[in-house]
Amino acid sequence: MREKTFLESFSRHRLGMIGLIGVSIILLVGIVGPFFVPFPKGYGEAMPLTGPSAENLLGTDALGLDLFSEIIWGARTSILISASAVLVAMFIGIPLGLVSGYSRGKIGALIDSITEITMTIPTLPLMILISALVGPSVRTVAVVIGVFAWPTLARIVRNSTLKVSQMQYIEAAIVLGIPKGSIMFKHIMLNIAGPVVVDITLIMATAVLTESSLSYLGLGDPNVWSWGGILQTAFKAGHHFRAWWLVVFPAASIMLYVIFFNLLGIGINETLNPKSRK
Amino acid sequence: MGRYIVLRLAKGLLTFFVAVTITFLIVRLMPGDPTTALISDSLSPDDALVLKESFGLDKPLYQQYFLFLRNLLKGDLGYSFFYKDSVSSIIGNKLWWTLLLMGSSLFITILIGIPLGVISAKQQGKLLDQIINVAVVIGVSIFVPLLAFLLLYFFSFKLMLTPIGGAYTPGIDPSQMFGSVISHMILPCATLVITYLASTVLYMRNGMLDVLKEDYIRTAKAKGVSDRKVTWSHALRNALIPTVTVTGLMIGKMVAGAVLTETVFSWPGVGTMIYDAVQKQDFPLLQGAFIVLAASVIVMNLITDLIVAWLDPRIKL
Amino acid sequence: METMLQVRNLKKYFPIKGSFFSSNPSYVHALEDVDMDLYRGETLGVVGESGSGKSTLGRIIIRLEQPTAGKVFFEGRDVSTLKGKSLKNFRTDIQMVFQDPYASLNPRLTVGSAIAEPMIAHKRFSSKAEIKEATEDLLRKVGLQPSMSSLYPHNFSGGQRQRIGIARALSLNPKILICDEAVSALDVSVQSQILNLFNALKRELGLTYIFIAHDLAVVRYISDRILVLYLGTVMEIAPKTELFDRHYHPYTESLISASPEPSTVKRKGRIILSGEIPSPINPPKGCKFHTRCFKCMERCKTEEPALKEIETGHFVRCHLYDDKGRG
């Protein structure tokens, strides 16, 4: 009896596949793109604030720089920040979730309380405060997003761990003398991957929204290109009404990034639990 | 009164306490001298010294903490660098505008969201549900400034139907104030409603699905109550509870949306204030903004939880 | 005969959730004063209904649970409270084969990794090649092909998975193997294959078994001696043939009469016990079996009988034999 592998089932999920393709394109553009396109800086050669044309596919900004190049470099920033935020969240959230789910001490209740508080209080004003104080940079933003994202991840890891800990193969591992660490970080981790991956895609998606919001408010790293930052420049200088492309293209990039990651997450989630929707 | 109210109040106070403590620690422990964060360098050295003492920046940390809490209870949130006025009075003026915007948006979102969620749950699997599902995915991916801008661009700039910004037309006759505010509020409100409708519908739908599965629905149907009546009376009552709970969740999230929306429409609330404060590096204002917003959200959550408790026969108030 | 394992005065009570805070906390009396010996090279069958505590007994011996009271001795040493390194070493002496072939193997590990993992964890070998060889050797021993080590559990049938579980348990060269309902989840035709495998392995490797099951036919096939448990208490212990020829305890009698296996003693007809099995939260006073016993006397209702050796190696806990044998 051969079960369908995950990939086989996932490939049937239309929305999930769209998400996967979209994410792959974005990753390709953001990682490989900057090698083909020069970093826009200084003053551009083209006329400032011109609309999309043959030379400048997406138009130019107030400094005459090519918007298309800015978008590509912005993709790299978005990927960098959201991936870093995910790593921060994973670094804190997964061990805490595993330990509290497996050892079942008081830590579990503590994690729940922290998660609830993080979900109740408005986090954006706090992130704004922190970013403003420390000074905006890629590192700050990534860490701040990750720090607010780990409680939810920890909770998911903990709940999955609680379920998996009951399985007989975990008991077998204990009886065989497998060390606790291996049980948690190998046996359990391998079996909770599903929900964890889903949450990771969600973090990737919301990280970009948060990062774009922070950049839009003027708290982005001034040394890199970011989609939110492009918007901020346009709004601040009042170009937004005249040069619609300076608003539409970066904003559309943001939304597409978020939508694709969300679709990917939904696809994975529904492939793992077919009962959750239909 | 009841045990639940007391517990819930305690929980709210604890949450506020945690939020405030985090703020305290962030400012004091961040790299750099906290003085620069709390006291403007444009003040005269004497004034600066007075402020420094009132914050207790020369004292050990735990003493600073008590000073901080004491000031908080007095309503003292520090002094704005830029406005040269107390943070509390500045925010006080602007808070009402933000609450007005958020409150109205929340109200409309619930008004539209609940029925849509119910329909989506009932029509599970069918075309309408699928359409709503796709819409929800797009909805949760909305980048607020973009939506705000698009609405502003089309309705105010191109079509000139609504005002460009602000909360009301300045110098207007007081009798027409209400209408003016409404017309200024339409677009920002619409932005928030569209943004948060998706999550509301999603949670309402899931809440309804859980409820519809329960046995008593089957029993009611077996008794011969008409299908429609079953849906709306039995299920609705109990599904309202998760929705109201979710509303509480979203109040916190809506703050983020409100901050972003206000900046696009120049709505004179806390959001625009934050934006300006960031530009001017007015840290006390930013700190005060967070504390005030956190407090507002906690209070609103408290109210919604109490409403839930009142509706739910299982919880003894 | 060398005694490998001794269980003395073993008690295990499980607290019931929620009852902890009331003035009268309730417990599930899983095991009550269990004494047991295990001799080298034998297969001791432990049989009883569900709720008899037989699995709990196995789990305490293997240290998945802690006893509430009592001790377990292995080769003379007290192993009930081992911790750390000594506990880890103890694992190499005694292992377990689990009941559910679909749940006892990690679905994300290849069969080869699952078998090799304990050996790696206990640093049995130093080179990858040695581990690979040992793994393949184990697979062969349980009747599977070495090439299967790169496959995943879901590629195998229930019976094959049990074989893998056995191979894994044997990877540490244990002296004792506890089989906790190891064939109960298998089809009848497969059961006999696995039982024969157990026997073959026992001869080949010089193992000692504790075989826990509820099916008397299975226990009869594989055991040398049999221990009968009822509601956490030992009711009868005897060598196999004696148990079936001359069983003394009424409970044993009812078990045997219910079993489809033909016995050498002429049966008077199927004995059906009256009543339901009592709750282990509130076990009956006196003899635990008295509420369902068809030979119940007045004495049984108030006084619990002691476990007495009626004949050499044959123990019974029943008032019917109060005047016989040594206590």
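This text follows the structure it describes.
Anyway, here's the lowdown on the structure attached to this text.

What counts and what doesn't
Residues numbered from 1 in each chain as written. Chains lettered and ligands numbered in written order. Predicted model: local features only at pLDDT ≥ 70, side-chain atom pairs only at ≥ 80, totals over all residues. Axes fitted to C-alpha atoms, helices over the stretch in contact; angles between N-to-C directions. Helix = DSSP H or I, 4+ residues; strand = E, 2+ residues; numbered from the N terminus. Parallel < 35°, antiparallel > 145°, perpendicular 65-115°, else oblique. Left-handed = near helix turned anticlockwise from the far one by under 90°. Contact = placed C-beta atoms within 7 Å. Nonpolar A, V, L, I, M, F, W, Y, C, P; charged D, E, K, R; others polar. Buried ≥ 20, exposed ≤ 12 C-beta atoms within 10 Å, placed from the backbone. Pairing = 2+ DSSP bridges. Expected span 1.5 Å × (residues − 1). Arc of directions from axis to C-beta.

Right, let's talk about the packing of helix α5 (residues 123-134) of chain A against helix α6 (residues 138-165) of chain A for a bit. Residue and element names in this part refer to chain A. Relative orientation of the contacting elements α5 and α6 amounts to 150 degrees, with a least axis distance of 10 Å. Overall, the two elements α5 and α6 adopt an arrangement that is roughly antiparallel. As α5 runs across α6, the sense of the crossing is right-handed. In contact with Thr 123, Met 127, Ile 130, Ser 131 and Val 134 of α5, α6 contributes Thr 140, Val 141, Val 144 and Phe 148. Here the residues of the contact of α5 with α6 are counted per class, giving 6 nonpolar, 3 polar and no charged.

On to the pairing of strand β10 (residues 233-239) of chain C. All names here are of chain C. Within β10, 6 of the 7 residues are buried, leaving the element largely enclosed by the surrounding structure. In this sheet, β10 lies alongside strand β9 (residues 225-230) in antiparallel orientation, the contact comprising 6 bridges. Each bridged residue has a counterpart across the sheet, and for Tyr 230 the counterpart in β10 is Thr 233. Linking two consecutive strands that pair antiparallel, namely β9 and β10, is a turn of 2 residues; a positive phi of about 50 degrees is found at Leu 231 within it. Direction of pairing for β10 relative to strand β12 (residues 314-316): antiparallel, over a ladder of 2 bridges. Residue pairing in the sheet places Glu 236 in a bridge with Val 316 of β12.

All names here are of chain C. Given a rise of 1.5 Å per residue, 14 residues ought to cover 20 Å, and the 20 Å separating the end C-alpha atoms of helix α4 (residues 128-141) matches this to within 8%. Those residues of α4 that sit buried are Thr 135, Leu 138 and Leu 139. Seen along its axis, α4 keeps its buried residues to an arc of 100 degrees; they face one direction. More than 90 degrees from the buried face of α4, the exposed residues found are Ala 129, Glu 130 and Arg 140. Packing partners of the buried residues in α4 comprise α3 (111-121) and α5 (158-170). Of the residues flanking the end of α4, it is Gly 143, one or two places downstream, whose phi is positive at about 90 degrees.

At the interface, 16 residues of chain A touch 18 residues of chain C. Taken together, the elements giving at least two residues each to the side of chain A that touches chain C come down to α7 (168-175) and α8 (180-216) of chain A. The dominant element in the side of chain A that touches chain C, judged by the number of residues it contributes, is α7 of chain A, at 6 residues. Of the residues assigned to the side of chain A that touches chain C, the class counts are 9 nonpolar, 5 polar and 2 charged.

A separate point is the interface of chain B and chain A. In this assembly, 41 residues from chain B lie in contact with 35 residues from chain A. Looking at the side of chain B that touches chain A, the elements that each hand over two or more residues are α1 (3-29), α6 (127-140), α7 (144-158), α10 (227-265), α11 (270-280) and α12 (283-311) of chain B. Ranked by the residues each element gives to the side of chain B that touches chain A, the list is headed by α12 of chain B, at 10 residues. Of the residues belonging to the side of chain B that touches chain A, the class tally is 33 nonpolar, 8 polar and no charged.

Quick look at unusual backbone geometry now. Residues and elements named next belong to chain C. Here Asn 173, not a glycine, exhibits a phi torsion of approximately 50 degrees, which is positive. Its place among the elements puts Asn 173 in the loop between α5 and β7 (176-180). Here the phi dihedral of Glu 181 falls at roughly 55 degrees; this positive angle occurs in a residue that is not glycine. Its location among the elements puts Glu 181 in the loop between β7 and α6 (188-205).

These values are about where atoms sit, not about what they do.
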